[in-house]
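Summary of structural features
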Amino acid sequence: MAPTPTTLTAIAGEKTLQQSFVRDEDERPKVAYNQFSNDIPIISLSGIEEVEGRRAEICKKIVEACEDWGVFQIVDHGIHPKLISEMTRLAREFFALLPEEKLRFDMSGGKKGGFIVSSHLQGEAVQDWREIVTYFSYPVRHRDYSRWPDKPEGWRDVTKQYSDELMSLACKLLEVLSEAMGLEKEALTKACVDMDQKVVVNFYPKCPQPDLTLGLKRHTDPGTITLLLQDQVGGLQATRDGGKTWITVQPVEGAFVVNLGDHGHFLSNGRFKNADHQAVVNSNHSRLSIATFQNPAQEAIVYPLKVREGEKPILEEPMTYTEMYKKKMSKDLELARLKKHAKEQLQDSEKAKPEAKPVDDIFA
């Protein structure tokens, strides 16, 4: 097996995909990156501040989307197009840097933020076809600017502004969901205690054999809510039937895709779905997306904020967010381990089968 690359851009021109990126057949893409669907609603936030006006109509659309998919897109969200344009331009410039420049911010080995290939999670059996830069941006007092890339020039300052404005936008959306649950509008934000934010910039280079791999494996986000900015290439996919069928989310210029996470799902007692999604890649275009994860503090208590009449709590007992996250990760790794074990057993049994003899030998 070829050694793991230091950067993907260094090997993107190869004709064959390295084995470490090849996924089992049942995990490979079923729908093309550009076979777009209009199933995910696009919701304008224009008028969301009007208490007596359009707010109720907007809230209704958001709630329906959360109950249906756990995913929706927002436009007229108040984030200035120039800020979006600068953030994406500077991100592209970073990923175009020489490998040694990017690797100055290598975050392997548990470092808090920086650059890495595939994933920062330990124990992953198959690699994702992506490069990422991660900023731990909130709480502000925990920011470590030495882990924020200093190239291209100006990216740090733009990222500061971007993360601040996305925090405000996320809180606005959480207010809507709180009201929909019949709670005070700050309820979901308060449940996060001291809200944590992580900005992850994903770069998916052109891939030599995109039908064999994924840019980001199937998952649900563990946190409260995620706001994703994506370019116009396409590749974000969602499912709501356990992965039997997938749709590719239609890219919308300047829109944010909003995914509800596990924490938001639990707080709503399962009323709002946690978005089940993945990212696929292609051999024609590189793709860029910027995911802003809004998560609760580690000590925040995870438990339904409201249980409707006739329902039971979907959690047996309260737990901290740290406990919830560890359970999720260990379950994912255990499933991967069991799958790998089953695959190895199948391969062993195939090898152990007696070699079929020609008919002439049998009757000789």
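In this report, we go over the structure that sits alongside the text. These numbers were taken from a predicted model, which means no experiment stands behind them. (Residues numbered from 1 in each chain as written. Predicted model: local features only at pLDDT ≥ 70, side-chain atom pairs only at ≥ 80, totals over all residues. Heavy atoms only, no water.)

A word on the nonpolar core
- The biggest cluster of nonpolar side chains holds 67 residues, and the ones touching the most others in it are Ile62, Phe72, Trp155, Leu173, Val201 and Phe256.
- If we skip the residues at most four places from it in the chain, phenylalanine 256 touches Phe72, Gln73, Ile74, His77, Ile79, Ile84, Tyr162, Leu166, Leu169, Leu227, Leu228 and Leu229.
- Counting 16 residues, the second largest nonpolar core, distinct from the first, contains Leu236, Ala238, Val249 and Phe293. (Core = buried A, V, L, I, M, F, W, Y, C linked by side-chain atoms within 4.5 Å. Buried < 20%, exposed > 50% of the residue type's maximum accessible area, 1.4 Å probe, protein only. Contact = heavy atoms within 4.5 Å.)

Looking at helix H1 (residues 55-68)
- Spanning 14 residues, H1 covers 20 Å between terminal C-alpha atoms, matching the ideal 20 Å at 1.5 Å per step.
- Buried residues of H1: Arg55, Ile58, Cys59, Ile62, Val63, Ala65 and Cys66, and no others. Each buried residue of H1 sits inside an arc of 160 degrees when the element is viewed along its axis, so together they form one side. In H1, the exposed residues that point more than 90 degrees away from the buried face are Ala56 and Lys60.
- Structurally, H1 contributes buried residues whose contacts are with strand S2 (42-44), strand S3 (71-75) and helix H4 (155-180). (Helix = DSSP H or I, 4+ residues; strand = E, 2+ residues; numbered from the N terminus. Expected span 1.5 Å × (residues − 1). Arc of directions from axis to C-beta.)

Some details on the pairing of strand S11 (residues 256-260)
- Among the 5 residues of S11, 5 are classified as buried, and the element is accordingly described as predominantly covered.
- Here S11 shows no split at all, with Phe256, Val258 and Leu260 on one side and Val257 and Asn259 on the other all buried.
- As defined by bridge partners, S3 adjoins S11 across 4 bridges and the pair is classed as antiparallel. The residue of S11 that forms the bridge with phenylalanine 72 is valine 258.
- Here strand S8 (residues 225-230) runs beside S11; their pairing, made up of 5 bridges, is antiparallel. Bridge assignment links threonine 226 to a residue of S11, and that residue is asparagine 259. (Pairing = 2+ DSSP bridges.)

A look at the sheet that holds S3
- One open sheet holds the 8 strands; their spatial order is S2-S3-S11-S8-S13-S6-S5-S4, and the pairing between them is mixed. Two strands in the sheet have a free side with no partner beyond their single neighbour: S2 and strand S4 (114-117). Ignoring strand direction, the axes of neighbouring strands in this sheet form an average angle of 25 degrees.
- In this sheet, S3 lies alongside S2 in parallel orientation, the contact comprising 3 bridges. Bridge assignment links isoleucine 42 to a residue of S3, and that residue is glutamine 73.
- Lying over the sheet, helix H2 (residues 81-95) contacts S4, strand S5 (131-138), strand S6 (196-204), S8, S11 and strand S13 (287-295), oriented at roughly 115 degrees with respect to S13.
- Its contacts with the sheet place H4 against S3, S5, S6, S8, S11 and S13, and it is angled at close to 130 degrees to S8. (Axes fitted to C-alpha atoms, helices over the stretch in contact; angles between N-to-C directions.)

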